[in-house]
Every structure is written in structure tokens, then in C-alpha cells.
Amino acid sequence: DGGITQSPKYLFRKEGQNVTLSCEQNLNHDAMYWYRQDPGQGLRLIYYSQIVNDFQKGDIAEGYSVSREKKESFPLTVTSAQKNPTAFYLCASTYTGNTIYFGEGSWLTVV
Amino acid sequence: AQSVTQPDIHITVSEGASLELRCNYSYGATPYLFWYVQSPGQGLQLLLKYFSGDTLVQGIKGFEAEFKRSQSSFNLRKPSVHWSDAAEYFCAVGTSNDYKLSFGAGTTVTVRA
């Protein structure tokens with residue numbers, strides 16, 4: 001089936017650890033995104049990439065890093081520099097400008 | 001930069017009643033407008049979108065939205081809600097210049113029997 005796959009669905013991080021969230025799409029979309037969702041704040045853009053080997057910071061990039069080595073993959077690393085990482089993370093992608101499709105999300109909790 | 005305001009944080013509606021969710025945007029040019037729906041712990045599903053043309057847009061699940069440029073609004077409506085419509089709804093605005101979307105804070109809809 002075509003779609004956007006995020007893994008893992010649930011992830012726990014200890015203080016000081018880096019963790020990586022996976023996002024894979026088989027829709028042949030050019031652009032990919034990472035959003036963070038907190039209660040009452042809607043979605044905030046962390047990073048986005050319009051082509052392979054290129055990515056741009058969004059509104060809340062501090063404490064996060066990404067790579068785009070393949071068109072279908074856009075992993076997000078939550079580094080220890082991110083002081084409040086507990087949130088729901090959504091990956092998304094698009095082909096025909098501005099209709100963005102979302103994955104099912106990943107929950108990250110700091111323990 | 002564009003922005004979106006959803007004035008209603010939470011709406012409760014009776015099953016079978018009509019529903020209207022408000023969305024106001026701020027953007028200097030013609031925006032691209034979207035409504036998404038999210039069930040708890042899930043991703044976002046696109047309900048409908050407006051790029052240009054007819055200002056009344058039909059979407060999935062019986063939803064429609066109307067673009068009113070003079071009011072900078074893109075309100076979502078459904079004539080008769082079903083219990084399965086209970087969810088969180090997000091309005092979003094994009095531009096023709098890039099592929100980014102800005103989202104409102106969301107409106108949670110509760111449907112009572």
C-alpha cells in the first residue's frame with residue numbers, strides 16, 4: 001500500500017540521549033516535513049526538505065536534526081539539546097504543491 | 001508570514017445537529033486553505049482544500065467550507081453531524097511560494113447523543 005510510515009509509534013528517551021524517529025514514504029513525493037504537536041498549540045514545523053540532500057529549518061528547529069539522503073526517507077533526530085521533547089511527532093509529504101499528507105505519528109516521552 | 005486563528009477551542013454539538021467551525025487567516029495574497037481532521041493519537045486526514053475558483057468547496061464525509069476573502073475566513077460546515085465526527089479539526093494555510101503550511105491551534109468537537 002502507498003503511504004507514509006512512521007516508526008516507532010511509541011518511544012521513550014532518557015535524559016541526555018539522542019533518539020531518531022523514522023519516516024518513509026513510497027508516494028514518490030518530493031517534499032517531506034516534520035511537525036511537532038503539543039496540546040492546545042496545533043502543529044509546529046520543525047524541518048522540511050524539498051529535494052534530496054537539502055533541508056530547511058522550520059519554526060522550532062533547535063534541538064533537532066534531520067537528513068535527506070534518499071527521496072523516500074526523512075529521519076528526525078531529537079538531540080539532548082532539546083529540553084522539552086515529550087510530544088507527538090508527525091511526518092508529512094507532498095508532491096503537488098501544498099496538499100500535504102500525514103503519517104500516523106510517533107509519541108516520544110522523556111523518562 | 002501567514003497565520004491561522006481558530007477561535008473556538010472546544011465545541012459540543014448534538015448528533016444530527018449542524019456544525020460550523022471557524023477559521024480566520026492572515027496572508028497578503030491568495031492563500032491555499034485546508035481543513036484536516038485528527039482522531040486521538042492518529043495522523044491528520046485531509047477533509048477539503050481551496051486553491052482557487054469556486055469559493056464553496058465540498059470535501060469528504062459530508063463537509064463543506066466557504067472561502068470569504070472579505071472576511072479572511074474559511075469556515076467548515078456540516079449539516080448533520082454523526083457521532084463519528086467527534087475529533088479535532090485543524091485549519092491550515094499555505095502559499096504559492098513554498099510548500100509550508102501554518103496550522104491553527106485546532107478545535108475539538110464533542111458529539112453528544
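Scroll up for the structure.
Residues numbered from 1 in each chain as written. Chains lettered and ligands numbered in written order. Predicted model: local features only at pLDDT ≥ 70, side-chain atom pairs only at ≥ 80, totals over all residues. Heavy atoms only, no water.

Q: Is there a simple way to explain the overall build of chain B in this structure?
A: Scanning chain B from terminus to terminus reveals zero helices and 12 strands. Listed by position from the N terminus, the elements making up chain B come as β-β-β-β-β-β-β-β-β-β-β-β. Against the globule reference of 13 Å for 113 residues, chain B gives a C-alpha radius of gyration of 13 Å, in line with a compact fold. Once the C-alpha set of chain B is aligned to its principal axes, its extents read approximately 45 × 30 × 20 Å. In chain B, which comprises 113 residues, the proportion classed as buried is 45%. Sequence-distant contacts in chain B: of pairs separated by 6 or more residues, those separated by 24 or more amount to 54%. Within the structure as shown, chain B displays about 5300 Å² of accessible surface, and the carbon and sulfur contribution to it stands at 47%. Looking at charge distribution, chain B has the averaged site of its 9 positive side-chain charges lying 3 Å from that of its 9 negative ones. (Helix = DSSP H or I, 4+ residues; strand = E, 2+ residues; numbered from the N terminus. Rg over C-alpha atoms; globule rule 2.2 N^0.38 Å. Buried < 20%, exposed > 50% of the residue type's maximum accessible area, 1.4 Å probe, protein only. Contact = heavy atoms within 4.5 Å. Areas by Shrake-Rupley, 256 points an atom, 1.4 Å probe, with all protein chains shown as cover. Lys, Arg positive; Asp, Glu negative; His and termini not counted. Charge placed at Lys NZ, Arg CZ, Asp CG, Glu CD.)

Q: Would you take a moment to explain the pattern of salt bridges for this structure?
A: If charged atoms from side chains of opposite charge come close, those side chains can pair. Residues and elements named next belong to chain A. Inspection of the entire model under this criterion finds seven salt bridges over all chains. With its nearest N and O atoms 2.8 Å apart, the salt bridge here joins Asp-38 to Arg-36. Summarising the burial analysis for this pair, Asp-38 and Arg-36 share the class buried. Within this structure, Arg-36, Asp-38 and Arg-44 form a network of salt bridges that share partners. (Salt bridge = Lys/Arg side-chain N within 4 Å of Asp/Glu carboxyl O.)

Q: It is not clear to me how the interface of chain A and chain B should be interpreted in this structure. Could you clarify?
A: In many analyses, interface size is given as the accessible surface area lost on bringing the parts together. Residue-level contacts link 23 residues of chain A with 23 residues of chain B. Buried area between chain A and chain B, summed over both chains or domains, comes out near 1800 Å², and the portion from carbon and sulfur atoms is 55%. The tally of links from chain A across to chain B stands at zero salt bridges. Broken down by secondary-structure element, the contributors of at least two residues to the side of chain A that touches chain B are strand S4 (31-37), strand S5 (43-51) and strand S9 (87-94) of chain A. When residues of the side of chain A that touches chain B are assigned to their parent elements, the largest contribution, four residues, is made by S5(A). When its residues are assigned to classes, the side of chain A that touches chain B shows 11 nonpolar, 10 polar and two charged. (Buried area = accessible area lost by both parts, 1.4 Å probe. Nonpolar A, V, L, I, M, F, W, Y, C, P; charged D, E, K, R; others polar.)

Q: For this particular structure, what's the right way to read the pairing of strand S1 (residues 4-7) of chain A?
A: Looking down a regular strand, the side chains alternate between one sheet face and the other. All names here are of chain A. Residues Ile-4 and Gln-6 line the buried face of S1, whereas the alternating positions Thr-5 and Ser-7 sit on a face that is not buried. Pairing geometry for S1 and strand S3 (residues 19-25), over four bridges, is antiparallel. Each bridged residue has a counterpart across the sheet, and for Gln-6 the counterpart in S3 is Cys-23. (Pairing = 2+ DSSP bridges.)

Q: What's the story with the state of the cysteines in this structure? I'm lost.
A: In a disulfide, the sulfur atoms of two cysteines are held together by a covalent bond. All names here are of chain A. If you walk through the whole model with that rule in mind, you get two disulfides over all chains. Each sulfur of the disulfide joining Cys-23 and Cys-91 lies 1.8 Å from the other. Between Cys-23 and Cys-91, the S-S dihedral sits near -75°, and the bridge is therefore left-handed. With Cys-23 in strand S3 and Cys-91 in strand S9, this residue pair connects regions lying 68 residues apart in the sequence. You'll find Cys-23 and Cys-91 in the same group, each marked buried. (Disulfide = S-S within 2.5 Å.)

Q: Looking at this structure, I do not really get the sheet that holds S1(A). What am I missing?
A: Paired through backbone hydrogen bonds, the strands of a sheet run either parallel or antiparallel to each other. Residues and elements named next belong to chain A. The four strands lie next to each other as S1-S3-S8-S7, forming an open sheet whose pairing is antiparallel. Each edge of the sheet is formed by a strand with only one pairing partner; in this case those strands are S1 and strand S7 (64-66). Between one strand and the next, the sheet's axes are offset by a mean angle of 20°, whatever the strand orientation. (Axes fitted to C-alpha atoms, helices over the stretch in contact; angles between N-to-C directions.)

Q: Would you explain the packing of aromatic side chains in this entry?
A: Inspection of the entire model under this criterion finds 17 aromatic pairs over all chains. On the numbers, 5.4 Å between centres and 85° between planes, the contact of Tyr35(A) with Phe103(B) is edge-to-face. Remark: Phe103(B) occurs in strand S11 (residues 101-103) and Tyr35(A) occurs in strand S4; the pair is interchain, linking two chains. Judged by relative accessible area, which is 1%, Tyr35(A) ranks as buried. (Phe/Tyr/Trp six-rings, centres within 6.5 Å; stacked < 30°, edge-to-face > 60°.)

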